[in-house]
Amino acid sequence: MWSLKKMKRSYSFEIPVGMIKYYLFCPRIPYFVLVMGVKEKVTDCMIEGLKEHEKFCRSKEMANVYLKSEKLGICGYVDAIVKTSNGYKVVEFKSVEFNKRTLKSHLYQAVAYALLVEENFGRVISVVLKYRYRTLEFPLTVGLKRYVKHIINKIREICEIGLVPEYKESRRCRGCGFAWICRQA
Ligand code: SF4
């Protein structure tokens, strides 16, 4: 018999929020990382970016906060959370210059952090992307939240069912840190 009480979902594994960026770059990557345990090849540029990121987080009060979502089965470190009288703002620091091409993946990732903050602290009003010379702020809409939840479900499906998209060579493969394993898989 069905209970009217809300059933609490439990997940066999948590999806780190960083996986959203990977999924949007190529949907094959979450499988390599979460199921096969493959690590991305780290470049000098990535190390520099990490150092800048740490510097930024040290300078903020509510920064680098580790959060989990029971409802969505995701987890991650939120760069900064700013409390306002209307709700929270979630800030995502990017150690690179603004680039239109990567905006969407940065935005969706920041929205996933906002979902973590909403579940743990309360209403989020906006997400802020802080680039080197530019800061962008986006209201946290129902549409954005819905789309990011859809991405999270897709990643879970790929990993649980093993529904990995076919290898298809494209321009992005040239700069891909998983190319070495991708062609063997
Ligand atoms: S090499 Fe190409 S197909 Fe393979 S994971 Fe990277 S981007 Fe995707």
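Residues numbered from 1 in each chain as written. Predicted model: local features only at pLDDT ≥ 70, side-chain atom pairs only at ≥ 80, totals over all residues.

Q: So what's going on with the overall build of the protein? Residues and values would help.
A: Helix and strand content of the protein: six helices and six strands. When its helices and strands are written in sequence order, the protein yields β-α-α-α-β-β-β-α-β-β-α-α. Taken over 185 residues, the protein has a buried fraction of 26%. Of all intrachain contacts in the protein linking residues separated by at least 6 positions in sequence, the fraction that spans at least 24 positions is 65%. (Helix = DSSP H or I, 4+ residues; strand = E, 2+ residues; numbered from the N terminus. Buried ≥ 20, exposed ≤ 12 C-beta atoms within 10 Å, placed from the backbone. Contact = placed C-beta atoms within 7 Å.)

Q: An account of the pairing of strand S3 (residues 74-83) is requested, with residue identities and associated values reported.
A: For a regular strand, the rule is simple: side chains alternate between the two faces of the sheet. Bridging between strand S1 (residues 15-16) and S3 involves two bridges; their strand directions are parallel. Residue pairing for S3: Ile 15 is matched across the bridge by Ile 74. The hairpin turn running from strand S2 (residues 63-69) into S3, its antiparallel successor, is four residues long, and Gly 73 in that turn takes a positive phi close to 70°. Relative to strand S4 (residues 88-93), S3 runs antiparallel, the two being bridged by four bridges. Its bridge partner being in S4, Ala 80 is matched across the sheet by Val 91. Connecting the antiparallel pair S3 and S4 is a turn made up of four residues, with Gly 87 showing a positive phi of about 150°. (Pairing = 2+ DSSP bridges.)

Q: Tell me about the packing of helix H1 (residues 18-25) against helix H5 (residues 142-161), and name the residues and values.
A: Axis separation between H1 and H5 bottoms out at 10 Å; the angle between their running directions is 80°. What the angle tells us is that H1 and H5 run roughly perpendicular. The segment H1 lies against H5, with Met 19, Ile 20 and Tyr 23 engaging Ile 151, Lys 154 and Ile 155. Grouping the amino acids of the contact of H1 with H5 by side-chain chemistry returns five nonpolar, no polar and one charged. (Axes fitted to C-alpha atoms, helices over the stretch in contact; angles between N-to-C directions. Parallel < 35°, antiparallel > 145°, perpendicular 65-115°, else oblique. Nonpolar A, V, L, I, M, F, W, Y, C, P; charged D, E, K, R; others polar.)

Q: Could you give me a rundown of the nonpolar core, with the residues and numbers involved?
A: Within the largest apolar cluster, 39 residues are counted, with the highest numbers of intra-cluster contacts made by Val 90, Val 111, Ala 112, Tyr 113, Ala 114 and Val 117. At the level of secondary structure, the elements contributing two or more residues to this core comprise H1, helix H2 (29-35), S3, S4, helix H4 (100-120), strand S5 (124-130) and H5. Among the elements that take part in this core, H4 stands out by supplying nine residues, more than any other. Setting aside chain neighbours within four positions, we find Ala 114 in contact with Val 90, Val 124, Val 127 and Leu 140. (Core = buried A, V, L, I, M, F, W, Y, C linked by C-beta atoms within 7 Å.)

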